[in-house]
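# Summary of the model geometry
Each chain, written out:
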Amino acid sequence: MSMTELLGAEEIKKALEAFAAAGSFNHKKFIQMVGLKKKSPDDVKKAFHILDKDKSGFIEVDELRFILMGFSPDARELTDQEVKTLLNAGDKDGDGKIGVEEFSVLVAES
Ligand SMILES: [Ca+2]
């Protein structure tokens, strides 16, 4: 499954364009813009599993860096600072990675 089966291709494109500049990523606005915020809990979990590339059950730092590419293959990498900010926002239990429940909370808080 790809993100465009879950979310609108046009919304994804607009959201990626809005944060195309390095250092500009704002996860709350991005989650709203791609339409993830208004998806059902099941669909949010499906999105998580797309972003968990190695199917470890967590989105780790390496996967966070490439998270935008999970929405579109030609998207940019996040910067170190953006990865850090996103991890701090999502990693509620402090294990250094984002689990499915943490991801659901991150979307709900956006
Ligand atoms: Ca993973």
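Conventions we followed
Residues numbered from 1 in each chain as written. Predicted model: local features only at pLDDT ≥ 70, side-chain atom pairs only at ≥ 80, totals over all residues. Heavy atoms only, no water. Helix = DSSP H or I, 4+ residues; strand = E, 2+ residues; numbered from the N terminus. Rg over C-alpha atoms; globule rule 2.2 N^0.38 Å. Contact = heavy atoms within 4.5 Å. Areas by Shrake-Rupley, 256 points an atom, 1.4 Å probe, with all protein chains shown as cover. Lys, Arg positive; Asp, Glu negative; His and termini not counted. Charge placed at Lys NZ, Arg CZ, Asp CG, Glu CD. Core = buried A, V, L, I, M, F, W, Y, C linked by side-chain atoms within 4.5 Å. Buried < 20%, exposed > 50% of the residue type's maximum accessible area, 1.4 Å probe, protein only. Donors = N, O, S within 2.8 Å, 3.2 Å for Na, K, Ca; no water. Phe/Tyr/Trp six-rings, centres within 6.5 Å; stacked < 30°, edge-to-face > 60°. Lys NZ or Arg CZ within 6 Å of the ring centre and 35° of its normal. Axes fitted to C-alpha atoms, helices over the stretch in contact; angles between N-to-C directions. Parallel < 35°, antiparallel > 145°, perpendicular 65-115°, else oblique. Left-handed = near helix turned anticlockwise from the far one by under 90°.

### With respect to the overall build of the protein chain
Broken down by element type, the protein chain carries seven helices and two strands. Helices (α) and strands (β) of the protein chain occur, in sequence order from the N terminus, as α-α-α-α-β-α-α-β-α. Its C-alpha atoms give the protein chain a radius of gyration of 12 Å, near enough to 13 Å, the size a compact globule of 110 residues would have. With the C-alpha coordinates aligned to their principal axes, the bounding extent of the protein chain is approximately 35 × 30 × 25 Å. In the protein chain, 53% of the contacts between residues at least 6 apart in sequence involve partners at least 24 apart. When the accessible surface of the protein chain is split by element, carbon and sulfur atoms take 54% of a total near 5,900 Å². In the protein chain, 16 side chains carry a positive charge and 21 a negative one; their mean positions are 6 Å apart.

### What about the nonpolar core?
With 31 residues, the main nonpolar core has Met-3, Phe-30 and Phe-103 as its most contacted residues. Residue assignment for this core shows that the elements contributing at least two residues are α1 (3-6), α2 (9-18), α3 (27-33), α4 (41-51), α6 (80-90) and α7 (100-108). Considering every element that reaches this core, the biggest residue donor is α4, with five residues. For Phe-30, the contacting residues outside a window of four places in its chain are Ala-15, Leu-16, Phe-19, Phe-25, Leu-68 and Phe-71.

### A word on the coordination of the calcium ion
Bound to the calcium ion on the protein side are Asp-52 (OD), Asp-54 (OD), Ser-56 (OG), Phe-58 (O), Glu-60 (OE), Glu-63 (OE) and Glu-63 (OE), at distances that span 2.2 to 2.7 Å. Of note, the calcium ion draws all its donor residues from one chain, in the sequence arrangement D-x1-D-x1-S-x1-F-x1-E-x2-E. On the accessibility criterion, Asp-52 (1% relative accessible area) is buried.

### So, the packing of aromatic side chains
What the rule picks out here adds up to five aromatic pairs. Seen in terms of ring centroids, Phe-48 and Phe-103 are 5.7 Å apart; in terms of plane orientation they differ by 55°. Their pairing is tilted. Of this pair, Phe-48 sits in helix α4 while Phe-103 sits in helix α7, and the two are 55 residues apart along the sequence. Counting every residue linked through ring pairs, the aromatic cluster contains Phe-19, Phe-25, Phe-30 and Phe-71. Taking NZ or CZ as reference, Lys-97 lies 4.1 Å from the ring centre of Phe-58, over its face.

### Overview of the packing of α4 against α7
Packing of α4 against α7 brings their axes to within 10 Å, and their N-to-C directions diverge by 120°. One finds that α4 runs oblique with respect to α7. With respect to the hand of their crossing, α4 and α7 are arranged in right-handed fashion. On α7, the residues that touch Val-44, Lys-45, Ala-47, Phe-48 and Leu-51 of α4 are Val-100, Glu-101, Phe-103, Ser-104 and Val-107.

Don't take any of this as a statement about function, it's just geometry.
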